[in-house]
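Geometric and topological summary
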Amino acid sequence: MLSFSTDSAFVWPLPVAGGKYAVRLQVGVGAAPLLPTAYEPWLYLTPAHLALQRSPTEPLHFFLEEADHRTVAQLTVFETADGQTARSPWQAPFGAVQFADDLTPEALKAFLGVVHEQLARRGVRALTLRPHAFSYAPQASARLTQVLTKLGYAVELAELNMHLPLAQSYEAHLHAAERRRLLKCERHGLRFEQEPPLLLPLAYEFLRRCREEKGQTLSMPLERLQELFQQFPRQHFLFSVRNAQGEWAALTVVIQVSPDVLYNFYPASPLAYNSFSPVVLLNAGLHAFGQASSMRLLDLGTSTLPTGLNHSLLQFKRHLGGVPSLKLTFTKTL
């Protein structure tokens, strides 16, 4: 007879697969699956990272368990202060549902059905989910999109996310203009370097000035960025391009989202270096770093600004050899 531990709060058996599954809800910061996960959680879905996504209410952690054996899916939901709406993630590039490769659409749909029911009972009227780009896990993204569509979710936002496949040559896929700029950087003595985290305050000021020149702002304060570096030192990196005099020509913050995915999170360069385009050299270094670390892809992110699509940035990423994939944000009325 199948059984499920009741050591933690609320458990609801699912009427699928012969009662093989149950949904567990844990409430509060730092909650973790009671059973081993059947997948490697993305960085943003780990208990430690979720604990740093500080929302005005306690997070709700839903876990799909396979009869005292393993956790096969998870979804952490953050409610707004008024309790009317909820979303996943709260403060991260993506969140939503992660699940085992062998989980059936039927079980995934039943799992989300319980989530919807419990949120509705709490007075939540709408739920927004922002999963990772399709390039991270194409089959999982397709399965989740199919299930969400059947459950009545609408696509609130569709973005193009660009990435570089690390199995292929960087220079071979550069646009001719960017290849010339790469050679120009090398001729003038610009070089790629990894910087120590202790330079983060200076780097942050450099990034801020670069964004300010373009009429943009940074999405997080220095204190938040320092906290991420302190909590996840093996997943956060600071890389630069320095000129022949040792001054910064470009900088970026890079996040290792999983063992095989690297995310170029905060690239920036002063307008004075536009003729060199040192970000091309910066990405060359990141590509080499990712390859040497046996990673699969370098995520260049979306090109969406608060005002809409940044066409010039999207074109630049294409010129780097960037490959597009969808990144969807879903919303459902409960």
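The structure contained in this document is the topic of the report that follows. Along each chain, the written sequence defines residue order, and numbers are assigned to residues from 1. Where local features are concerned, this predicted model is filtered to residues with pLDDT of at least 70; where side-chain atom pairs are given and counted, the filter is 80 or more; whole-chain, interface and lining totals use all residues. No hydrogens and no water enter the side-chain calculation; it runs on all heavy atoms of the structure.

**So, the packing of aromatic side chains**
This is how it is decided: Aromatic pairs are defined between Phe, Tyr and Trp rings, using the six-membered ring for Trp, whenever the two ring centres lie within 6.5 Å; interplanar angles under 30 degrees are classed as stacked, those over 60 as edge-to-face, and all others as tilted. The way it works is that DSSP assigns letters per residue, a run of H or I at least four long becomes a helix, a run of E at least two long becomes a strand, and they are numbered from the N terminus. Here the term buried applies to any residue with accessible area under 20% of the maximum for its type, exposed to any over 50%, and partly exposed to those in between, with areas from a 1.4 Å probe on protein chains only.
The full count for this structure, using the stated rule, is 14 aromatic pairs. Look at Tyr44 and Phe94: their rings are 5.0 Å apart centre to centre, the planes differ by 80 degrees, and that puts the pair in the edge-to-face class. Of this pair, Tyr44 sits in the loop between strand 2 (21-27) and helix 1 (47-52) while Phe94 sits in the loop between strand 5 (85-88) and strand 6 (97-99); the two residues are 50 residues apart in sequence, bridging distant segments of the chain. Like Tyr44, the residue Phe94 is buried in the burial classification. Among the aromatic residues, those joined into a cluster by ring pairs are Trp42, Tyr44, Phe94 and Tyr136.

**Focus: empty space enclosed by the protein**
Heads up, the condition is: The definitions used throughout rest on a 1 Å grid laid over the protein atoms alone, on which a cavity is an enclosed set of points accommodating a 1.4 Å probe that cannot get out and a pocket is an open set flanked by protein within 12 Å on both sides along at least five of seven lines; lining residues are those having an atom within 4 Å of a point. Grid points are joined across faces, edges and corners, and a volume is the space filled by probe spheres set on the points. Gly falls in the polar group here, along with every residue not listed as nonpolar (Ala, Val, Leu, Ile, Met, Phe, Trp, Tyr, Cys, Pro) or charged (Asp, Glu, Lys, Arg).
Counting across every chain of the model gives three cavities of 30 Å³ or more. Looking at the largest cavity, its volume works out to about 60 Å³. With four residues, strand 4 (residues 70-79) is the largest single contributor of residues to the lining of the largest cavity. Broken down by class, the residue content of the lining of the largest cavity amounts to eight nonpolar, five polar and no charged.

**Some remarks on the environment of Arg121**
Quick note on the threshold: Nitrogen and oxygen atoms within 3.5 Å of one another constitute a polar contact, given that in protein one can donate a hydrogen and the other can accept it, and given that sequence-neighbouring residues count only through two side-chain atoms.
As for its placement among the helices and strands, Arg121 is situated in helix 2 (residues 105-121). In this structure Arg121 comes out as exposed when scored by relative accessible area, which is 62%. Among the polar contacts listed, one links the side chain of Arg121 to the side chain of Glu117, at a separation of 3.0 Å.

**Describing the layout of surface pockets**
If you add up the space inside the second largest pocket, you get close to 380 Å³. Looking at the second largest pocket, it is lined by 22 residues, and the ones nearest its centre are Trp42, Gln98, Asp101, Ala137 and Ala140. Listing elements by their share of the lining of the second largest pocket, those giving two or more residues are strand 6 and helix 3 (138-150). No other element matches helix 3, which puts six residues into the lining of the second largest pocket. Looking at the lining of the second largest pocket residue by residue, the class counts come to 12 nonpolar, five polar and five charged.

**Observations regarding the pairing of strand 3 (residues 60-66)**
Using the following cut-off: Note on pairing: DSSP must find at least two bridges between two strands before they are called paired.
The buried fraction of strand 3 is high, at seven of seven residues. Here strand 3 shows a buried face lined by Leu60, Phe62, Leu64 and Glu66 and a second buried face lined by His61, Phe63 and Glu65. Strand direction decides the pairing type here: strand 2 and strand 3, joined by seven bridges, are antiparallel. Residue pairing across strands places Val23 opposite Leu64, the latter belonging to strand 3. As paired strands, strand 3 and strand 4 are joined by seven bridges and run antiparallel to one another. Considered in strand 4, the bridge of His61 is made with Thr76. Between the antiparallel neighbours strand 3 and strand 4 lie three residues, among them Asp68 with a positive phi of about 50 degrees.

**A look at the nonpolar core**
Here is the rule we go by: Nonpolar cores were defined as sets of buried Ala, Val, Leu, Ile, Met, Phe, Trp, Tyr and Cys residues, with membership established by side-chain atoms within 4.5 Å.
Judged by nonpolar contacts, the single largest core of 72 residues is most densely connected at Phe62, Leu64, Leu103, Leu108, Phe111, Leu112 and Val257. Among the elements that line this core, the one with the most residues is helix 2, at eight residues. Grouped together as the second largest cluster of nonpolar side chains are 28 residues, Ala250, Leu262, Leu281 and Leu314 included.

**Details of helix 3**
Residues lying three or four places apart along an α-helix face the same way, a consequence of the helix completing one turn every 3.6 residues. Operational definition: One fewer than the residue count of a helix, multiplied by 1.5 Å, yields its expected span. Pairs of residues are marked as contacts when any of their non-hydrogen atoms sit within 4.5 Å.
Its 13 residues give helix 3 an end-to-end C-alpha distance of 19 Å, which sits within 8% of 18 Å, the value for a rise of 1.5 Å per residue. Those residues of helix 3 lying buried are Ala140, Ser141, Arg143, Leu144, Thr145, Val147 and Leu148. If you follow the buried residues of helix 3, they end up packed against strand 6, helix 2, strand 7 (126-129) and strand 16 (323-333). Gly152 sits one or two positions beyond helix 3 and adopts a positive phi of about 95 degrees.

**With respect to the side chain of Thr145**
Here Thr145 is to be found in helix 3. Engagement of the side chain of Thr145 in a polar contact is seen with the backbone oxygen of Ser141, the distance being 2.8 Å.

**Comments concerning the pattern of salt bridges**
To be explicit about the condition: Only one rule defines a salt bridge in this text: a Lys or Arg side-chain nitrogen within 4 Å of an Asp or Glu carboxyl oxygen.
Enumeration over the complete set of coordinates arrives at 16 salt bridges. When the shortest N-O distance is used, the salt bridge between Glu193 and Arg242 registers 3.4 Å. Of this pair, Glu193 sits in strand 9 (residues 191-195) while Arg242 is found in strand 10 (residues 236-242), placing the two residues 49 residues apart along the sequence. Shared partners join several salt bridges into a network, and the residues in it are Lys20, Glu66, Arg70 and Asp102.

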